[in-house]
Every structure is written in C-alpha cells, then in structure tokens.
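Residue-level structural notes
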Amino acid sequence: MADTATEQQDTPVGRIVMQAPVAAILAAATPWSHVRAMVPEDIPWLAAAVWDAYPHRGPYQPTWDEVVAETQGMFKNEAGDFMPVASPVGLTEDGSIAGTVTVVQRCTLRDDLPDSAYVLDCITLPDHRRRGVAAGLLAASSRALKAVGETHLALTVDVDNAPARALYGKLGFVELMRR
C-alpha cells in the first residue's frame, strides 16, 4: 500500500505563469504603508520563510542548504537582475516583518518566461495572512516598478494554490501559460 503523503510529495504540480500591467495592480490595491527594501541581511529569515511557505513536492524538493544558497544567489543576480527597490519587506506598525515580495528585472531561470519584471517570491508570514499584506506588497512593488519605467509584472503560481490565484486575479494578473 502506498503512503499518501509520499505520493503527494512525489506528484508534480502544474504551474501557471501569470502577468499583469503594473497600472492594474495599482488600481486594485493600495501599497503597503510600512516597507523597506530587501537587503542581504534578510537572507536568514527569508530563507526560512521560503522553506516554510512552499510545499516540498516533486519534481523540485530542495534541501535546506539549497534554499539558503538560492536565497543568497538572488542577491548575486543568479535568477536575473535583482531589484531591491521593487522588492519590499512589509513591516507592521511595531516593526515586525509581515511579508515580502522579491523581484528581478527579467527572470533568467527559464527561456520561456515573459520579458517583464518577475516575482520570484511573494510570501506573507503565517501570523499576518488574510490581512492584505500580499496585495499591498505587490502594489508597493508595482509603484516602484512604475517609477523605473516597467509596465508589467509576472509571476508563477501552483495550479492548486487557489487563494493565491484568486488574489492575483483580483490584481489583474492573467494566465499566460501552464507548465
């Protein structure tokens, strides 16, 4: 008899590449009010947030060391030109971290991705979910992107992540392709 948890981890999940005009995101959401640019000192908590936020299932099941290396690599432009100005860290009024969006100018991890600014990660920490953090951070990122002349923002989401897909749809993201 197969282990259901193991089957779920080994089953590849479909991914959807989506894109939205920066203007549509700004029209749909108010930028998060307390933000700062992401800095290399954020690597430890960001790696932990990535580790906790994304399911560990096939075909990509990174080790902790791989997640840390990839997080460090973002600051070395290994996934495209990292855009700190468009990668806000959202803070609460008391200064604790609520979430983050990390953006590169053009994602270089795959050849078939859109020629636009690209979200590598959109993460809301568990204690701050369902409070508008993700929408506000995507709007803050879009405001910064608009200021530097970018017109579109793209991202990838798991097919089975209905809450994220619903949020992205409300912000004006449309499906470009599935893989």
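Refer to the structure above for everything that follows.
First, a word on what this report is: a plain description of the structure on this page. Computed from a predicted model, the values in this text were never measured in an experiment.

On to the overall build of the protein, then. On a plain count of helices and strands, the protein comes out with 6 helices and 7 strands. What you see in the protein, going N to C, is helices and strands ordered as α-β-α-β-α-α-β-β-β-α-β-α-β. In the protein, which comprises 179 residues, the share counted as buried stands at 44%. Of the contacts formed within the protein by residues at least 6 apart in sequence, a portion of 73% connects residues at least 24 apart.

Turning our eyes to something else, we now look at the side chain of Thr124. Along the chain, the position of Thr124 falls in strand S5 (residues 117-124). Overall, the relative accessible area of 11% leaves Thr124 in the buried class.

Strand order in the open sheet made by the 7 strands is S2-S3-S4-S5-S6-S1-S7, with mixed pairing throughout. Where the open sheet ends on each side, the last strands, each with one partner, are strand S2 (35-37) and strand S7 (174-178). When strand polarity is set aside, the average angle formed by the axes of neighbouring strands in this sheet is 25 degrees. Pairing geometry for strand S1 (residues 15-21) and strand S6 (residues 152-158), over 7 bridges, is antiparallel. If you follow Met18 over to S6, its bridge partner there is Leu155.

Once that is clear, we can look at the nonpolar core. Judged by nonpolar contacts, the single largest core of 30 residues is most densely connected at Val103, Leu138, Leu153, Tyr168 and Phe173. Setting aside chain neighbours within four positions, we find Val103 in contact with Asp81, Phe82, Met83, Ala86, Ser87, Ala117, Tyr118, Val119, Ser141, Leu145 and Leu153. Ile43, Leu46, Ala49 and Met74 belong to the second largest nonpolar core, which has 14 residues in total.

Mapping Ser116 onto the fold places it in the loop between strand S4 (97-104) and S5. Ser116 sits in the buried class, given a relative accessible area of 2%. A polar contact is formed between the side chain of Ser116 and the side chain of Gln19, at a distance of 2.9 Å. In contact with Ser116, not counting residues within four places along its chain, are Gln19, Gln105, Arg106, His152, Leu153 and Ala154.

The end-to-end C-alpha distance of helix H5 (residues 133-147) is 21 Å, a good match for the 21 Å that 15 residues give at a rise of 1.5 Å each. Here H5 lies mainly inside the structure; 12 of its 15 residues are buried. Where H5 is concerned, the buried positions are Val133, Ala134, Ala135, Gly136, Leu137, Leu138, Ala139, Ala140, Ser141, Ser142, Ala144 and Leu145.

What follows covers the pairing of S1. Judged by how many residues are buried, S1 sits mostly within the fold: 5 of 7 residues are covered. Judged from the 4 bridges that link them, S1 and S7 form a sheet pairing that is antiparallel. Of the residues in S7, the one forming a bridge with Met18 is Glu175.

Turning our attention to the environment of Leu155. Note on placement: Leu155 falls in strand S6. A relative accessible area of 2% places Leu155 in the buried class. Setting aside anything within four residues of it in sequence, one finds Leu155 in contact with Ile16, Val17, Met18, Tyr118, Val119, Tyr168 and Phe173.

Glycine aside, negative phi is the norm for most residues, and most peptide bonds take the trans geometry. Notably, Asn77 is not glycine yet its phi reads approximately 65 degrees, a positive angle. Within the element layout of this structure, Asn77 appears in the loop between helix H4 (64-75) and strand S3 (88-91). Phi at Arg130 takes a positive value of approximately 65 degrees, unusual for a residue other than glycine. Examined against the element boundaries, Arg130 turns out to sit in the loop between S5 and H5.

On to the environment of Tyr118. Tracing the backbone shows Tyr118 in strand S5. As for Tyr118 and His152, which are separated by 34 residues in sequence, their C-alpha atoms are 8.6 Å apart. Those residues in contact with Tyr118 that lie beyond four places of it in its chain are Val17, Thr102, Val103, Val104, Gln105, Cys107, Leu113, Leu153, Ala154, Leu155 and Thr156.

Each value, and the rule that gives it
- Residue indices begin from 1 for each chain and proceed along its sequence in written order.
- Reporting of local features is limited, given that this is a predicted model, to residues whose pLDDT is at least 70; pairs of side-chain atoms are given and counted only at 80 or more, and all residues count toward the totals for whole chains, interfaces and linings.
- With hydrogens and water stripped out, all remaining heavy atoms of the structure feed into the side-chain values.
- Only runs of H or I of at least four residues qualify as helices and only runs of E of at least two qualify as strands under DSSP, and these elements are numbered from the N terminus.
- Each residue's exposure class comes from its accessible area (1.4 Å probe, protein chains only) as a fraction of the maximum for that residue type: buried when under 20%, exposed when over 50%, partly exposed otherwise.
- Should any heavy atoms of two residues lie within 4.5 Å, those residues are considered in contact.
- Any two strands are treated as partners once DSSP identifies two or more bridges connecting them.
- Structural elements are reduced to axes, namely lines fitted to C-alpha atoms, with helices fitted over the stretch in contact, and the angle between N-to-C directions of any two is expressed from 0 to 180 degrees.
- Side-chain atoms within 4.5 Å link the members of a nonpolar core, which is a set of buried Ala, Val, Leu, Ile, Met, Phe, Trp, Tyr and Cys residues.
- Under this definition, polar contacts are N or O atom pairs within 3.5 Å; protein pairs additionally need one hydrogen-donor-capable and one acceptor-capable atom, and for neighbouring residues in sequence, both atoms have to be side-chain atoms.
- One less than the number of residues in a helix, times 1.5 Å, gives the span that helix is expected to have.

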